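Observations on chain architecture
What follows is the residue order along each chain.
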Amino acid sequence: MSDINNVPEQYRPISMWGYFGLEILFSIPVVGFIFLIVYALGGTRNVNKKNFARSYFCFVIIFVVIMAVLVATGLVAQVIDMFKGMYS
């Protein structure tokens, strides 16, 4: 197995805890989104962190689009009304 210390900093792999920490950081409402944009646009030299931020940003965009479609069609309101009926 190759020694990780011999890998240049920009290609150094991220540990599982590193990914976990980045995901927690990106999940913070305002500050996390700012960090997400900065990392995705090249605010880090590590290619792995940049690619992870880009993939997380794509996930956020897809989630926002799906939620906007659901809200626009009124499906969210129907589901909320359904749950209110179940518990009252």
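The numbers attached to residues start from 1 for each chain and follow its sequence in the written order. In keeping with the model being predicted, local features are shown solely for residues with a pLDDT of at least 70 and side-chain atom pairs are shown and tallied solely at 80 or more, while totals for entire chains, interfaces and linings include all residues. As a rule here, side-chain values come from all non-hydrogen atoms in the structure, and water together with hydrogens is ignored.

**Quick look at the confidence of the model for the protein**
Summary statistics for the protein give a mean pLDDT of 90 and a share of 97% for residues scoring 70 or more. The pLDDT score gives, residue by residue, the confidence of the prediction method on a 0 to 100 scale. A helix here means a DSSP run of H or I that spans at least four residues, while a strand means a run of E at least two residues long, and both kinds are numbered starting from the N terminus. Put simply, helix α4 (residues 75-87) is where the protein has its lowest mean pLDDT, 80, and helix α1 (residues 16-27) is where it has its highest, 96.

**Details of the nonpolar core**
Buried residues of nine kinds, namely Ala, Val, Leu, Ile, Met, Phe, Trp, Tyr and Cys, make up a nonpolar core once their side-chain atoms join them within 4.5 Å. Note on exposure labels: buried denotes an accessible area under 20% of the residue type's maximum, exposed denotes more than 50%, and partly exposed covers the range between, all computed with a 1.4 Å probe on protein chains only. Formed by I14, L22, F26, L36, Y39, A40, F52, A53 and Y56, the largest nonpolar core amounts to 9 residues. At the level of secondary structure, the elements contributing two or more residues to this core comprise α1, α2 (29-40) and α3 (47-73). We call two residues in contact when some of their heavy atoms are within 4.5 Å. In contact with L22, other than residues within four places in its own chain, are I14, Y39, K49 and F52.

**Brief notes about the pattern of salt bridges**
Two side chains carrying opposite charge are able to pair once their charged atoms lie near each other. Between Lys or Arg on one side and Asp or Glu on the other, a salt bridge is scored when a side-chain nitrogen of the former is within 4 Å of a carboxyl oxygen of the latter. The full count for this structure, using the stated rule, is 1 salt bridge. Of the charged contacts in the structure, one is a salt bridge between R12 and E9, with a shortest N-O distance of 3.2 Å.

**A few points about α2**
Every helix has an expected span of 1.5 Å times one less than the residues it contains. Spanning 12 residues, α2 covers 16 Å between terminal C-alpha atoms, matching the ideal 16 Å at 1.5 Å per step. Turning to α2, its buried residues are G32, L36, Y39 and A40. Summarising the axial view, the buried residues of α2 lie within an arc of 90°, below the 170-degree limit, and thus occupy one face. Considering only its buried residues, α2 is in contact with α1 and α3. Looking one or two residues past α2, G42 carries a phi angle of roughly 105°, positive in sign. Picture the helix axis, draw a direction to every C-beta atom, and the arc is the one those directions span.

**Thoughts on the packing of aromatic side chains**
For Phe, Tyr and Trp, rings pair up if their centres lie within 6.5 Å, where Trp contributes its six-membered ring, and each pair is then called stacked (planes under 30 degrees apart), edge-to-face (over 60) or tilted (otherwise). In this structure the tally under the stated criterion is 10 aromatic pairs. A ring pair is formed by W17 and F20, whose centres lie 5.7 Å apart and whose planes are at 90°; its orientation type is edge-to-face. Of this pair, W17 and F20 are both found in helix α1, 3 residues apart, which corresponds to roughly one turn of the helix. Classification of W17 as exposed rests on a relative accessible area of 62%.

**Focus: a nonpolar patch on the surface**
Taken together, the side chains of I28, V30, V31, I34, F35 and V38 present a nonpolar region at the surface, about 510 Å² in accessible area. Secondary-structure assignment places F35 in helix α2. We classify F35 as partly exposed; its relative accessible area is 35%. What makes a patch is a set of residues exposed beyond 30% relative accessible area and free of salt bridges, joined within 9 Å when like-charged and within 5 Å when nonpolar (Val, Leu, Ile, Met, Phe, Trp, Tyr). The Shrake-Rupley method, run with a 1.4 Å probe sphere, supplies the accessible areas, and residue values consider only the shown protein chains as cover.

**What about the packing of α1 against α3?**
The contact between α1 and α3 brings their axes to 11 Å, and the two run at 45°. The angle between α1 and α3 falls in the class oblique. Relative to α3, the crossing made by α1 is right-handed. Where α1 abuts α3, its residues Y19, L22, E23, F26 and S27 lie against N48, K49, F52, A53 and Y56. Looking at the contact of α1 with α3, its residues break down into 6 nonpolar, 2 polar and 2 charged. For helices, the axis comes from a line fit to the C-alpha atoms of the stretch in contact; other axes are also lines fit to C-alpha atoms, and the angle between any two N-to-C directions lies between 0 and 180 degrees. Our angle categories are set so that under 35 degrees counts as roughly parallel, over 145 as roughly antiparallel, 65 to 115 as roughly perpendicular, and the remainder as oblique. By definition, any crossing whose near helix is turned counterclockwise from its far helix by less than a right angle is left-handed, and any crossing with a clockwise turn is right-handed. Three classes are used: nonpolar for Ala, Val, Leu, Ile, Met, Phe, Trp, Tyr, Cys and Pro, charged for Asp, Glu, Lys and Arg, and polar for all others, with Gly counted as polar.

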